[in-house]
Protein chains: 2
Amino acid sequence: MSQGSGKTPAKRPLTLRDVSEASGVSEMTVSRVLRNRGDVSEATRTKVLEAARELGYVPNKIAGALASSRVNLVAVIIPSMSNMVFPEVMTGINEVLEGTELQPVVGITNYKPEREEAVLYQMLSWRPSGVIIAGLEHTEAAKAMMGAAGIPIVEIMDTDGEAVDSAVGISHRRAGRKMAQAIIDAGYKRIGFLGTKMPLDHRARKRFEGFTEVLAKAKLEIADSEFYSGGSALKKGREMTEAILKRNEEEPLDFLYYSNDMIGAGGLMYCLDNGIDVPGDIGLAGFNGIEFLDGLPRKLATMDACRVEIGRAAAEIIAKRVEDEKAPTGEIITLEPSLDYGETLKRKKKPL
Amino acid sequence: MSQGSGKTPAKRPLTLRDVSEASGVSEMTVSRVLRNRGDVSEATRTKVLEAARELGYVPNKIAGALASSRVNLVAVIIPSMSNMVFPEVMTGINEVLEGTELQPVVGITNYKPEREEAVLYQMLSWRPSGVIIAGLEHTEAAKAMMGAAGIPIVEIMDTDGEAVDSAVGISHRRAGRKMAQAIIDAGYKRIGFLGTKMPLDHRARKRFEGFTEVLAKAKLEIADSEFYSGGSALKKGREMTEAILKRNEEEPLDFLYYSNDMIGAGGLMYCLDNGIDVPGDIGLAGFNGIEFLDGLPRKLATMDACRVEIGRAAAEIIAKRVEDEKAPTGEIITLEPSLDYGETLKRKKKPL
DNA sequence: AAAAGAGCCGTTAGCGATAACATAACCGCA
DNA sequence: TGCGGTTATGTTATCGCTAACGGCTCTTTT
């Protein structure tokens, strides 16, 4: 800890007027040069540019946005940034927005509806050009705000429900069903479920519902389940797996369905460490298709949630609507999650 | 894909005037109520609040910020969001800022200086109350902008160098030295280095410099090294480890130093899968101390980079400076990275 | 009872930019 | 020579909000 150099001149921030005076033209002309809009002679253009550079002028977008009522920001509201899935969605969003004038601004809700509402309010008060928000479940107030904002809204990740405007995602119910079907087809019977203790993770809930629905049709049900919250997901996966397996030694489970790949990976490592034959003795599957699984000793079965693609599609909807006022609203894009059998889920037993 | 409901009324956005008319008081009074500032009678307060709620009014911060020249945003400029380290820094920043009126806005540079410059320019044009930016290395133009912005600037992660204003971080050179010393003390001699192919990752470079410096003092040098870029770090860690070990079978390596925990974890899994005794035959160490290591079959040695703490401290500096104009500038906080021996690095051989 | 203060609310003048409309200079061509 | 048409620049009026100040009504004080 030490005292610094105190370089900052702390002078009044520069405005267009300063540049205009320095270059001997009107503010308007400076504005035109800086925005590359309207006709300006090459001579004044260079003169202005030079003056601006010399002074170190940085335009004030606040004033600009107020005057033009155009804000090139896109609000992106997501529950978390620390679980691999949303960073990938961001990647997709960025890919698309980099080709436009739009800039994403991220808000984190920590899966709390009231926090989401607050973040949304904050974001909307900056009058962004569009909103990308995770999930279809929001407080009434949040839905009302989005409905009244008069800007494109894209709800992402999930399409099982009613969207305020547009939506891009997968059907988590369908993802659950699909996985259940694959497990049943492979001949597994005693299935355990391991997930997070999060009543507000609607997507996990929907997957679970789809999953149990298909099991029920096959006259099966979840034999046992285990939930966690917080901590290292990998470690929790291990611990939960140990717990659930030990608890069912008398009538052993033959499949474990994890609500995300990270705990699935932990479970896989537990099984391998303890000489359990996967997928012989027991099959395993996760959800998400995170890249990280490639490095595991055995590839975990999973279902890809199309994260990057969702980000891209959502950003494209916003970009299109910003560019063309009359582009259609209420577009719903449902992506198809693809099942990856990996090396922990046996293929269909009898092809009939 | 389908047509939506078209709920959006697309009417002119609401302003203070609308609320003022609806509640029968002046705009100024509405503004006072909404900001909780100045004296307003309880009666009018509720009247205004009700009108605002009813209309669904959302204040326009653009106008507000312009009028008051106060913007409650803090620009956070970081290289990436997909590698576990910066999300944790964000956690620290958020923890502190949640207790204030300030809001973080994140910009991603992808480790490209010119991108960083562009992002910084964009951010500064919104006249934020402060800037938190990763690293001490920036383009000249970027440094000039920060120097002239007249707002608190905190450079984070690293303190080996000259800061524009304040800085919070660890000495990566020292981290490298410390790890080298521990490795030497444990008696390892033939040391391999595995890292990323990133000439612009200055912090990794500094760690490497510190590392080799201490080795040199002990008359040792890096026996071999291996670099990667892109892809699943876990998988790359495996592959690189296999490559470097095979290449040195004649005169085997006895230690591998990884530039991050993820590739280290991959290397660890490779060793375990192949029956290599860790840390007997070979010792391993990574860098960062990510939580995820807890779930590994054997705990990898690492060095904690104090990520959450860095975020907290940086945010605190900004918050303090925003609150009190005259708070000291140029504060430098150097945190001490702590070595975690885990189970892959033997303890000191002879305590002398 | 007059002065001083507190509480409540309105008026006016920007904040720093841009939209939209002049204006001026210059071109060519009838 | 004069008129339409560019091209290059300036002027004026906002954008929606807040700072600063002023004025009015009651209290409170001495």
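Everything below is about the structure shown above.
How each quantity is defined
- Residues numbered from 1 in each chain as written.
- Chains lettered and ligands numbered in written order.
- Predicted model: local features only at pLDDT ≥ 70, side-chain atom pairs only at ≥ 80, totals over all residues.
- Heavy atoms only, no water.
- Least-squares fit on C-alpha atoms with pLDDT ≥ 70 in both.
- Contact = heavy atoms within 4.5 Å.
- Near = heavy atom within 4 Å.
- Polar contact = N/O pair within 3.5 Å; in protein donor to acceptor, adjacent residues only side chain to side chain.
- Helix = DSSP H or I, 4+ residues; strand = E, 2+ residues; numbered from the N terminus.
- Nonpolar A, V, L, I, M, F, W, Y, C, P; charged D, E, K, R; others polar.
- Core = buried A, V, L, I, M, F, W, Y, C linked by side-chain atoms within 4.5 Å.
- Buried < 20%, exposed > 50% of the residue type's maximum accessible area, 1.4 Å probe, protein only.
- Expected span 1.5 Å × (residues − 1).
- Salt bridge = Lys/Arg side-chain N within 4 Å of Asp/Glu carboxyl O.
- Phe/Tyr/Trp six-rings, centres within 6.5 Å; stacked < 30°, edge-to-face > 60°.
- Lys NZ or Arg CZ within 6 Å of the ring centre and 35° of its normal.

Moving on, we get to the relation of the copies chain B and chain A. The transformation that overlays chain B on chain A combines an axial shift of 0.0 Å with a rotation of 180°, and the residual RMSD is 0.1 Å. Put plainly, the chains are arranged around a two-fold axis. Residue I62 of chain B of chain B places its C-alpha closer to the rotation axis than any other residue of that unit, at 2.8 Å. Interface residue correspondence from chain B to chain A reaches 100%, placing this contact among same-surface, isologous pairings.

Taken together, 23 residues are adjacent to DNA strand D, and S26 of chain A together with L16, S31, Y57 and R70 of chain B come closest. Take the atoms of DNA strand D that sit within 4 Å of the protein: sugar and phosphate atoms are 67% of them. Taking L16 of chain B, its main chain carries an N or O atom lying 2.4 Å from a phosphate oxygen of DNA strand D. Between DNA strand D and R70 of chain B there is a distance of 2.6 Å, counted from a phosphate oxygen to a side-chain nitrogen or oxygen. Within the residue set of the surface near DNA strand D, elements represented by two or more residues are helix 2 (27-35) and helix 4 (61-68) of chain A together with helix 2 (27-35) and helix 4 (61-68) of chain B. The leading source of residues in the surface near DNA strand D is helix 4 of chain B, at four residues. Residues of the surface near DNA strand D, tallied by class, amount to ten nonpolar, nine polar and four charged.

Further remarks concern the nonpolar core. Ranked by internal contacts, the top residues of the largest apolar core, which has 106 residues, are I156 and V168 of chain A together with I156 and V168 of chain B. If you look at the next biggest cluster of nonpolar residues, it comprises 50 residues, including M240 and C271 of chain A together with A233 and M262 of chain B.

Here we take up helix 5 (residues 85-97) of chain A. Look at helix 5 of chain A: 19 Å from first C-alpha to last across 13 residues, which is about the 18 Å you get at 1.5 Å a residue. Residues V85, F86, P87, V89, M90, G92, I93, V96 and L97 of chain A constitute the buried set of helix 5 of chain A.

For the rest of this paragraph, the subject is the pattern of salt bridges. Residues and elements named next belong to chain A. Across all of its chains, the model carries 50 salt bridges over all chains by this definition. Taking the shortest distance from any N to any O, the salt bridge between R321 and D165 comes out at 3.3 Å. Taken together, the residues R321 in helix 12 (residues 307-323) and D165 in the loop between strand 4 (153-158) and strand 5 (166-170) connect sequence positions 156 residues apart. Judged by relative accessible area, R321 falls into the buried class, the value being 10%. A salt bridge links R174 to E336; the nearest nitrogen and oxygen atoms lie 2.9 Å apart. One end of the pair, R174, is in helix 8 (residues 172-185); the other, E336, is in the loop between strand 11 (332-335) and strand 12 (339-340), and 162 residues separate them in sequence. Through salt bridges that share partners, R17, E21 and E27 make up one connected network.

To continue, consider the packing of aromatic side chains. All names here are of chain A. One pass over the full model with this rule turns up twelve aromatic pairs over all chains. Pairwise contacts between aromatic rings join F193, F208, F211, F227 and Y257 into one cluster. A cation over a ring is seen here: R207 above F287, with NZ or CZ 3.8 Å from the ring centre.

All right, on to the environment of A285 of chain A then. Residue and element names in this part refer to chain A. Counting through the fold element by element, A285 comes out in strand 9 (residues 283-285). In this structure A285 comes out as buried when scored by relative accessible area, which is 0%. Discounting residues that sit within four places of it in the chain, A285 has contacts with M179, F255, L256, Y257, Y258, L300 and A301.

Taken together, 24 residues lie around DNA strand C, and L16, S31, Y57 and R70 of chain A together with T29 of chain B are the ones closest in. Within 4 Å of the protein, the contacting atoms of DNA strand C are 67% sugar and phosphate, with bases supplying the remainder. Between DNA strand C and the protein, one listed contact pairs a base nitrogen with a backbone N or O atom of A63 of chain A at 3.3 Å. Separating a phosphate oxygen of DNA strand C from a backbone N or O atom of S41 of chain B is a distance of 2.9 Å. Residue assignment for the surface near DNA strand C shows that the elements contributing at least two residues are helix 2 and helix 4 of chain A together with helix 2 and helix 4 of chain B. If one sorts the elements of the surface near DNA strand C by residue count, helix 4 of chain A sits on top with five residues. Here the surface near DNA strand C is built from residues that sort into eleven nonpolar, nine polar and four charged.

None of the figures reported here should be taken as evidence of function without further support.
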